[in-house]
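Summary of the model geometry
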Amino acid sequence: MIGLWWRLLVRGVRDIGLDKWVQLFTLGAVTLVTFLAGGFLLLVHNLDTQLVQRQGSVQFQVYWQRNATLETVQQDWRSLEGWSGLRSLQEFTPRQAALSLDGALEGEVELKSERSHILPATALLRFRVPGENAQQWAQQRLDRLRALPRVAEVHYNPLQLQTAGSWVQISQRLVWPVIGFLVLVLALVVGNTFRLALLHRRDEVELLQLVGAGRWYIQMPLLVGGALQGAAGAGLALGLLKGAQLGLESILNTAPLWIQVHYLPWHLVGGVVAGVTAVGAVSSWIAVKEE
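Calculation notes
Residues numbered from 1 in each chain as written. Predicted model: local features only at pLDDT ≥ 70, side-chain atom pairs only at ≥ 80, totals over all residues. Heavy atoms only, no water. Helix = DSSP H or I, 4+ residues; strand = E, 2+ residues; numbered from the N terminus. Buried < 20%, exposed > 50% of the residue type's maximum accessible area, 1.4 Å probe, protein only. Polar contact = N/O pair within 3.5 Å; in protein donor to acceptor, adjacent residues only side chain to side chain. Contact = heavy atoms within 4.5 Å. Arc of directions from axis to C-beta. UniProt positions renumbered as here; feature names shortened; annotations may be inferred. Salt bridge = Lys/Arg side-chain N within 4 Å of Asp/Glu carboxyl O. Pairing = 2+ DSSP bridges. Phe/Tyr/Trp six-rings, centres within 6.5 Å; stacked < 30°, edge-to-face > 60°. Lys NZ or Arg CZ within 6 Å of the ring centre and 35° of its normal. Expected span 1.5 Å × (residues − 1). Axes fitted to C-alpha atoms, helices over the stretch in contact; angles between N-to-C directions. Patch = residues over 30% accessible without salt bridge, like charges linked within 9 Å, V, L, I, M, F, W, Y side chains within 5 Å. Areas by Shrake-Rupley, 256 points an atom, 1.4 Å probe, with all protein chains shown as cover.

A look at the side chain of Gln245
Assignment of secondary structure puts Gln245 in helix 8 (residues 215–252). Since its relative accessible area comes to 5%, Gln245 is described here as buried. Of the polar contacts made by the side chain of Gln245, one reaches the backbone oxygen of Val261; its length is 2.7 Å. Aside from chain neighbours lying at most four places away, what touches Gln245 is Leu42, Val261, His262 and Tyr263.

As structure tokens, then:
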């Protein structure tokens, strides 16, 4: 039995070499549709990334006690790096804080190193805001920061928190439904492409049915071929999409635009490959089943 299943798998791979032009056009159609869908997905992902990074975060300004030693403050800084949801951490020693303030005031007030002791060590923490219970989340972060033994004060802007929470909710309520709709359209188009490609093998299927071949014996090679073509088309499309992303990055990420174009994250890449592969297999199976 295992040998028969193995022969059917090998037959499915070998059948890809038959009717090369039909297989080539099918592969090209799957690659093109996946590339177009992936391009739109790349656009949605980058819009979501830019909006959430720029608007979906809130800053906490933390001031340490003036008598706290630099070593103990640095220990607190290291502990803050492991906090969940932390996007960035900017650290300022008293001297760095004085120089930064002096630069902001454009030399109107002299706060060089000899007078840096008047400012405490500070840190600027930027967190990603969750879509729900933002106020409760911010209060928990505020209480936790104030509980640090050498911290004197902690400040944040409630208006910034409200704005950030709104952007995150927009992202969750609009972006992901759009992605879901895009995946559905991709599945329908790719599935119909495979079903049309199998029409030229109708005579072969009918002949096998006349000689008494079981449905699984007919469907298994077609399922394997559809899955392999789907995986190959998705791989080619994602490779082309990576080239397009690098090209756009080299054009847009220069002065004066400085727009970063991020490639799809690994979970979306894996989802596209797995989805198109599954659609190819299922479409091939259903197309024969309906005969």
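The discussion continues.
As for helix 3 (residues 70–80)
Buried within helix 3 are the following residues: Thr72, Val73, Asp76, Trp77 and Leu80. All buried residues of helix 3 project into a common sector of 150 degrees when viewed along the axis, lining one side. Pointing more than 90 degrees away from the buried face of helix 3 are the exposed residues Glu71 and Gln75. Each element contacted by the buried residues of helix 3 is listed here: strand 1 (57–64), strand 2 (86–92), strand 3 (122–128) and helix 5 (134–146).

Observations concerning the UniProt feature "transmembrane region" (unreviewed entry) in the protein
As annotated in UniProt, the feature "transmembrane region" (unreviewed entry) corresponds to residues 21–44, 174–199, 220–244 and 264–288 in the numbering used here. Along residues 21–44, the helical share is 100% and the strand share 0%, with 34 Å between the first and last C-alpha atoms. End-to-end, the C-alpha atoms of residues 220–244 are 36 Å apart, and along that stretch the chain is 100% helix and 0% strand.

Overview of the pattern of salt bridges
Tallied over the full model, the rule gives 3 salt bridges. We note a salt bridge from Asp76 to Arg150, for which the minimum N-O separation is 3.1 Å. Remark: Arg150 occurs in the loop between helix 5 and strand 4 (151–156) and Asp76 occurs in helix 3; sequence separation between them is 74 residues. One salt bridge in this structure joins Glu81 and Arg78, with 3.0 Å as the shortest N-O distance. Overlapping salt bridges bring together Arg78, Glu81 and Glu91 as one network.

Focus on the pairing of strand 1
Along a regular strand, successive side chains alternate from one face of the sheet to the other. Here strand 1 pairs with strand 3 via 7 bridges, running antiparallel. Note on strand 3: the bridge partner recorded for Gln61 is Leu124. Bridging between strand 1 and strand 4 involves 5 bridges; their strand directions are antiparallel. By the bridge assignment, Tyr63 is partnered in strand 4 with Glu153.

A closer look at the packing of aromatic side chains
Tallying each qualifying case throughout the model produces 6 aromatic pairs. Ring centres 5.9 Å apart and planes at 75 degrees place the aromatic pair Phe127 and Trp137 in the edge-to-face group. Placement of the pair is Phe127 in strand 3 and Trp137 in helix 5, with a sequence separation of 10 residues. For the pair Phe127 and Trp137, a shared accessibility class is recorded, and that class is buried. The structure contains a cluster of three or more aromatic residues connected by ring pairs, namely Phe60, Trp83, Phe127, Trp137 and Tyr156. Sitting above the plane of the Trp83 ring, Arg144 keeps its charged end 3.9 Å from the centroid.

Describing helix 5
For helix 5, with 13 residues, the first-to-last C-alpha span of 18 Å sits near the 18 Å given by 1.5 Å per residue. For helix 5, every residue scored as buried is listed here: Ala134, Trp137, Ala138, Arg141, Leu142 and Leu145. Burial along helix 5 is one-sided: seen end-on, the buried residues are contained in an arc of 135 degrees.

Looking at the sheet that holds strand 4
A sheet is described by the order of its strands in space; here 4 strands give the open sequence 2-3-1-4, paired in antiparallel fashion. Across the chains shown, the open sheet's two edge strands, defined by having one partner strand only, are strand 2 and strand 4. Here the average twist between neighbouring strands, direction ignored, is 15 degrees. Against the sheet, helix 3 contacts strand 1, strand 2 and strand 3, and its axis sits at roughly 170 degrees relative to strand 2.

Section: the environment of Thr277
Mapped onto the elements of the fold, Thr277 is located in helix 9 (residues 266–289). For the pair Thr277 and Gly226, spaced 51 residues apart in sequence, the C-alpha separation works out to 7.5 Å. The residues touching Thr277, leaving out its near neighbours within four places in the chain, are Ala227, Gly230 and Ala231.

With respect to a nonpolar patch on the surface
A surface patch of nonpolar side chains, amounting to about 460 Å² of accessible area, comprises Phe181, Leu184, Val185, Leu188 and Val189. Topologically, Leu184 is positioned in helix 6 (residues 158–197). Judged by relative accessible area, Leu184 falls into the partly exposed class, the value being 48%.

Concerning the side chain of Thr93
Here Thr93 shows up in the loop between strand 2 and helix 4 (94–104). Contacts of Thr93, omitting those with residues within four sequence positions, involve Leu70, Trp77 and Ala121.

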